[in-house]
Amino acid sequence: MSRIAIVGAGPAGLAAALTAAELGLEPIVLDEQPAPGGQIYRSVEAVAGERPEDLDLLGADYAAGLGLVRDFRAAAVDYRPLSSVFEVRPGAVGVLRDGRAEMLAVDETLIACGAMERPVPVPGWTLPGVMSAGAAQTLLKASNLVPEGPTAIAGSGPLIFLIAWQLARAGVPLVAVLRTTPKSQYRKALAHLPAVAFDRELWKGLGWMRQLKRLGVALLDGVEAVAAEGEGRLRRVTYRRRGETASIAADCLLLHEGVVPNLQLSRAAGCAHRWDEAQRCWRPVTDDYGATDVEGVRVAGDCAGIGGAKAARCAGMLAALGAAERLGWIDAGGRDRRAVLARDALARHLGIRPFLDTLFRPADAMLLPADEATLVCRCEEVTAGEIARVAALGVPGPNQAKAFCRAGMGPCQGRMCGSTVAELLARAQGRPVAEVGHYRIRPPVKPITVAELAGLADETVRGESERVAPADG
Amino acid sequence: MADSDCIVIGGGIVGAAMAYGLARRGRAVTMLDQDDEAFRASRANFALVWVQSKGLGRPEYAAWSRRSAMLWPELAAELKQVTGIDTGHRRPGGVAPALSEDELAGKVAALRQIKREAGNQPFEFEVLERPALDRLLPGLGPKVVGGTYCPLDGDTNSLRSLRALHVGVAKHGGRYRTGQTVTAIRGLAGGGARVETAAGETFAAPKVVIAAGLGNKVLGAMAGLEVPVRPVQGQVIVTEKAAPLLDLPTINVRQTDEGGFMLGASEAEVGFDTGTDPAVLGLIARRNLDTFPFLGGLKVVRTWAGLRVMTPDGFPIYDQSKSHPGVFVVTGHSGVTTAAAHAFDLAGWIDEGGIPAQMKALSTERFHAAPAG
Amino acid sequence: MLRRRAEPKATVAVSLDGAPVRAAVGDSVAAVLLLGGDAPYRLSAVGGVPRAPFCMIGNCFDCLVEIDGVPNRQGCLVPVAAGMSIRRQRGKPEIAR
């Protein structure tokens, strides 16, 4: 027993694959992308090969990923790009590749699919021209594209500074960086400062801010509300700051209020999750080696809890060690011994989290639309007002809400609205978010056609009394 | 002592239809429901309002299904008027396509038998060969040989219908309480019961309707009713939206008013498991591709597994407890089809005192019938 | 909406709504549309309103586009290929029969 499917080729997945291979396991890395690196190191090989001058622009962290990707290539691990994983269950992974679906039999699965940006449902966020800050990063890394016209950035979190700096250096006309971090959070975050005063990440962030100021970019803090306006596409960004409202003309607005774990696969696999109040998000419940309560299913990296790339690498290594122990390749003592360095490094990399999580906790105004007309569910075009009406009916949670108003029933399967719906219900009904719960997520968590699904018909059917027959209504 | 005229235990399509039916008659109703992740067949059904194959061997049920299908447009219109919500009900007739001559012959034989059992009650259906079927349903695959059509068949948007019933209950002054798992039903002198919940609350009323789906077995036992229901799992595939193509529902494929296609059906005795199985989904996909090959290119947006509330003979149970007079059970696996009859007829009977003798064939007594001979 | 910072090293010929376009190797189909002028990327399935990609990594499903006759594909996850036929979507797609 040695096959371990690793879903995702970011820092956690790559590190896990290397460790697993070293221990004698057979890792199979299933990557949705055409080349390894995940999102943070997206297209790093292509950039290094075709435009190495941009490694500097994309930052030292990005360049550091090149080494990991090259080590991964050198280890000749079974790497399957352009593979879409639509299901994880004990003993099998559902993979769609080249129009063909199969249930791959495996002994362990490590879900390392990373984070997604938190949805930011401000008025007008569905207008063409409004994107997430990460989208701009992806376009820059993968295609060397930047916004053409006047661009505004709004939100909070370290990525705001990074993307602003990158775009400013790339010559993009940045009309404003609207920072939505509430003032009170600076004070609260200071309590965690002594622990991180010497953290390189912190100084890096401050460095970006200095450079932005030098480049003449308008950094406006204490922004209380943001709205995108325009007819059919973005034309203006309106914001409220210190009680006053202002408008700026813009073609592009980049929103960002931090990242949250991408939980579609772990939820669909039936893993238990818990609400993390400090990070304001759900995350899978795991042991120190990433094991969930579903046998043979592990998680590591940002999809298990936000920690960043360096922490993700450590977590990937630990997950591989855990898998190796469960599959009998090393004993518990050997696992724990080999884990010491990774665990220490992980703790160090996570040391800055309390500071960052406190400082950059998203403001309610950015996550919970006050205006009734603002869309909450982008796919089904369900407004905040509709959610309020359903909440007033006394629905017990997001699943009944979904049944009543269709929020969460579109192709994105609740990725962009689940957290908003849960928080709106919680606030309307005066209940904690942890109690309100979340959408039930079921496979397939990636698009698969009916014809491709039909290809699974010959897989072993569970249970003796299964039959597929026309039910009589 | 009573805080309402009637307590309905269960906020699904059966409970909500009963609660609505009573509330619209001016009764003060309290509808009790569990939490967000409870088994809810009302959120996991095919949304058919179906007549053609119902009640083989039980003409009372066949008649009941027909009656409810006839009443549905009235329910839909009333709900639209009271709540502003369009249930999406339509009754264009429905088709059960057959992929072989044997299959078609089997369907036709069953329908002829139902018609014989209906006696002098009207029951219309047609047997359609392929050319006639093509006029009703575009895109049929080459394996379809024909099908059976019934003009009383139709469908609705079952989620909107459930929401409309809930809003209707509220508009008529009904109370809706969630997070209430019932732990005891204690009979009251003079009829009715006191209902206690795990949340530590108590409700009392001269009438109690147990309509909690799979929970009815345990709840019924609390009130001296034997309710032999068990879960029968069915998995369903829902596709992305497409421009409207199918004007009629078929037994296994229908296009919702939102544009997506629903594909069914499977049956499995797997206990209370609502997990999906890729092999079962694959079989559902493959079979339905034979009926409508165009489905192949559509993407799956959602799959789920619903637990049908199944009785030993598949027919509903309507009964009043003898040990706890005033406590009723209403259960069955065709809650969408029977919603209109529940809201208009059954709620009326319960309101006026009890279930009439004509419905005796659907009481719990049939499970104790002495063997013949 | 977007501009390219430097000439691409290699390009392929694709068509966008019937018109020939040169796309950079490695670009996603979504990028091709975002470079492709003023027409809205797509009109949504429910309300027919203009939409464009939001996340670019496969989560928002606002990048839906018809590629080689297959509708509702996520443009941000599909790399361009020579000869690809790309069509913008307006509302719910018609079913190919």
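### Examining the overall build of chain C
Helix and strand content of chain C: one helix and eight strands. Taken from the N to the C terminus, the helices and strands of chain C come in the order β-β-β-α-β-β-β-β-β. Relative to the globule expectation of 13 Å for 97 residues, the C-alpha radius of gyration of chain C, 13 Å, shows essentially globular dimensions. Dimensions along the principal axes, computed over C-alpha positions, put chain C at roughly 40 × 30 × 25 Å. Evaluated residue by residue, chain C yields a buried proportion of 49% over its 97 residues. Just so you have it, chain C exposes about 4,000 Å², and 52% of that area is on carbon and sulfur atoms. If the 13 positive side-chain charges of chain C are averaged to one point and the 8 negative ones to another, these points end up 3 Å apart.

### A closer look at the overall build of chain B
Each helix and strand in chain B was counted, giving eight helices and 18 strands. On C-alpha atoms alone, chain B measures out to a radius of gyration of 21 Å, which is about the 21 Å that the 2.2 N^0.38 rule sets for 373 residues. Looking at chain B as a whole, 64% of its 373 residues qualify as buried. Here the analysis covers contacts within chain B between residues at least 6 apart in sequence; of these, 74% occur between residues at least 24 apart.

### Let's talk about the sheet that holds strand β1 (residues 6-9) of chain B
Residues and elements named next belong to chain B. Pairing within the open sheet is mixed, and its six strands lie in the order β8-β2-β1-β12-β18-β17. Because the sheet does not close on itself, it has two edges, and the strands there are β8 (175-177) and β17 (317-320). Recorded for the sheet is a direction-independent mean angle of 15° between the axes of neighbouring strands. Direction of pairing for strand β2 (residues 29-32) relative to β8: parallel, over a ladder of three bridges. Paired with leucine 32 across the strands is arginine 177, a residue of β8.

### A short note on the domain arrangement of chain B
Residue and element names in this part refer to chain B. Domain assignment breaks chain B into domain 1 (6-80 + 158-228 + 313-367), domain 2 (94-151) and domain 3 (230-310). Taken over C-alpha atoms, the centre of domain 1 sits 26 Å from the centre of domain 3. Listed per partner, the contact involves 17 residues of domain 1 and 23 residues of domain 3. Summed over both sides, the interface between domain 1 and domain 3 buries roughly 1,600 Å², with carbon and sulfur atoms accounting for 72% of that surface. Taken as a group, Phe39, Phe46 and Leu214 account for 40% of the area that domain 1 buries against domain 3, more than any other trio of residues on that side. In this structure, the connection of domain 1 to domain 3 is made through two salt bridges. In this structure, the salt-bridge partner of aspartate 257 is arginine 160, at a minimum N-O distance of 2.5 Å. In the side of domain 1 that touches domain 3, the residues fall into nine nonpolar, six polar and two charged.

### Quick word on helix α8 (residues 339-352) of chain B
Residues and elements named next belong to chain B. In this model, α8 (14 residues) spans 19 Å end to end at C-alpha, consistent with the 20 Å of a helix rising 1.5 Å per residue. The sharpest bend along α8 measures roughly 30° and falls at leucine 346. For α8, the tally of buried residues reaches 13 of 14 residues, placing the bulk of the element in the interior. Once α8 finishes, glycine 353 follows within two positions and takes phi at roughly 135°, a positive value.

### Examining the interface of chain A and chain B
The interface of chain A with chain B comprises 50 residues on the first partner and 63 residues on the second. Across the contact surface, chain A and chain B share four salt bridges. The residue aspartate 458 of chain A makes a salt bridge to arginine 286 of chain B at a minimum N-O spacing of 3.4 Å. Taken together, chain A and chain B are joined by 15 residue pairs in polar contact (both at pLDDT 80 or more). Only β4 (84-89), α15 (384-392), α16 (398-405) and α19 (450-454) of chain A provide two or more residues apiece to the side of chain A that touches chain B.

### Observations concerning helix α11 (residues 309-326) of chain A
Residues and elements named next belong to chain A. Across its 18 residues, α11 extends 26 Å between first and last C-alpha, which sits within 8% of the 26 Å expected from 1.5 Å per residue. Judged by how many residues are buried, α11 sits mostly within the fold: 13 of 18 residues are covered. Backbone geometry just downstream of α11 places glycine 328 in the positive-phi region, at approximately 85°.

### Quick word on the packing of helix α2 (residues 59-83) of chain B against α8 of chain B
Residue and element names in this part refer to chain B. With their axes 6 Å apart at the nearest point, α2 and α8 run at an angle of 95° to one another. Judged by the inter-axis angle, α2 sits roughly perpendicular to α8. Mapping the contact onto sequence places Trp64, Arg67, Ser68, Leu71, Trp72, Glu74, Leu75 and Glu78 in α2 and Ala339, Ala340, Ala341, His342, Ala343, Phe344, Asp345, Leu346 and Trp349 in α8. Grouping the amino acids of the contact of α2 with α8 by side-chain chemistry returns eleven nonpolar, two polar and four charged.

### A closer look at the environment of aspartate 357 of chain A
All names here are of chain A. Examined against the element boundaries, aspartate 357 turns out to sit in helix α13 (residues 353-359). A relative accessible area of 13% means that aspartate 357 is categorised as buried. Taking C-alpha positions, aspartate 357 is 8.6 Å from arginine 280, a pair spaced 77 residues apart along the chain.

### Comments concerning the nonpolar core
Leu178, Val226, Leu253, Leu255 and Val421 of chain A together with Leu75 and Val209 of chain B are the most contacted members of the largest nonpolar core, which totals 141 residues. Taken together, domain 1 (6-80 + 158-228 + 313-367) and domain 2 (94-151) of chain B each give at least three residues to this core, which thus spans both. In contact with leucine 178 of chain A, other than residues within four places in its own chain, are Ile153, Ala154, Gly155, Leu220, Val223, Val226, Val237 and Tyr239 of chain A.

### What to know about the pairing of strand β17 (residues 252-257) of chain A
Each regular strand shows side chains that alternate between the opposite faces of the sheet. Residues and elements named next belong to chain A. Counting buried positions along β17 gives six out of six residues, so the element sits mostly inside the fold. Side chains of β17 alternate between two faces, with Cys252, Leu254 and His256 and Leu253, Leu255 and Glu257 buried alike. By the bridge criterion, three bridges tie strand β9 (residues 130-132) to β17 in an arrangement that is parallel. Bridged to valine 130 within β17 is leucine 253. Both strand β11 (residues 151-156) and β17 contribute to a ladder of six bridges, which runs parallel.

### Focus on the side chain of arginine 51 of chain A
Residues and elements named next belong to chain A. Note that arginine 51 resides in the loop between α2 (44-50) and α3 (54-58). Reaching out from arginine 51, the side chain makes a polar contact with the side chain of aspartate 54 at a distance of 2.7 Å. If we ignore the near neighbours within four places in the chain, the residues touching arginine 51 are Ala46, Leu58, Leu140, Lys141, Ser143 and Asn144.

### Structural notes on the packing of aromatic side chains
Evaluated as defined, the whole model comprises nine aromatic pairs over all chains. Here phenylalanine 72 of chain A and tyrosine 79 of chain A contribute two aromatic rings whose centre-to-centre distance is 5.5 Å and whose plane-to-plane angle is 90°, an arrangement assigned as edge-to-face. With relative accessibility at 16%, the residue tyrosine 79 of chain A sits in the buried group. Between tyrosine 61 of chain B and phenylalanine 315 of chain B, the aromatic rings sit 5.4 Å apart at their centres with planes inclined by 55°, giving tilted as the arrangement.

### Regarding unusual backbone geometry
Of the consecutive residues proline 443 of chain A and proline 444 of chain A, the connecting peptide bond is found in the cis state with omega at 0°. Relative to the helices and strands, proline 444 of chain A is located in the loop between α18 (433-436) and α19. Cis geometry is found at the peptide bond from glycine 264 of chain B to alanine 265 of chain B, where omega equals -5°. Secondary-structure assignment places alanine 265 of chain B in the loop between β15 (261-263) and α7 (278-291). Residue arginine 406 of chain A is not a glycine yet carries a positive backbone phi of 80°. Overall, arginine 406 of chain A belongs to the buried group, its relative accessible area being 18%. Phi at phenylalanine 61 of chain C takes a positive value of approximately 55°, unusual for a residue other than glycine. Its place among the elements puts phenylalanine 61 of chain C in the loop between β5 (50-51) and β6 (64-67). Given a relative accessible area of 5%, phenylalanine 61 of chain C falls into the buried group.

The rules we used
Residues numbered from 1 in each chain as written. Chains lettered and ligands numbered in written order. Predicted model: local features only at pLDDT ≥ 70, side-chain atom pairs only at ≥ 80, totals over all residues. Heavy atoms only, no water. Helix = DSSP H or I, 4+ residues; strand = E, 2+ residues; numbered from the N terminus. Rg over C-alpha atoms; globule rule 2.2 N^0.38 Å. Buried < 20%, exposed > 50% of the residue type's maximum accessible area, 1.4 Å probe, protein only. Areas by Shrake-Rupley, 256 points an atom, 1.4 Å probe, with all protein chains shown as cover. Lys, Arg positive; Asp, Glu negative; His and termini not counted. Charge placed at Lys NZ, Arg CZ, Asp CG, Glu CD. Contact = heavy atoms within 4.5 Å. Pairing = 2+ DSSP bridges. Axes fitted to C-alpha atoms, helices over the stretch in contact; angles between N-to-C directions. Domains from an automatic or database assignment. Buried area = accessible area lost by both parts, 1.4 Å probe. Salt bridge = Lys/Arg side-chain N within 4 Å of Asp/Glu carboxyl O. Nonpolar A, V, L, I, M, F, W, Y, C, P; charged D, E, K, R; others polar. Expected span 1.5 Å × (residues − 1). Bend = angle between axes of the 7 residues up to and from the residue. Polar contact = N/O pair within 3.5 Å; in protein donor to acceptor, adjacent residues only side chain to side chain. Parallel < 35°, antiparallel > 145°, perpendicular 65-115°, else oblique. Core = buried A, V, L, I, M, F, W, Y, C linked by side-chain atoms within 4.5 Å. Phe/Tyr/Trp six-rings, centres within 6.5 Å; stacked < 30°, edge-to-face > 60°.

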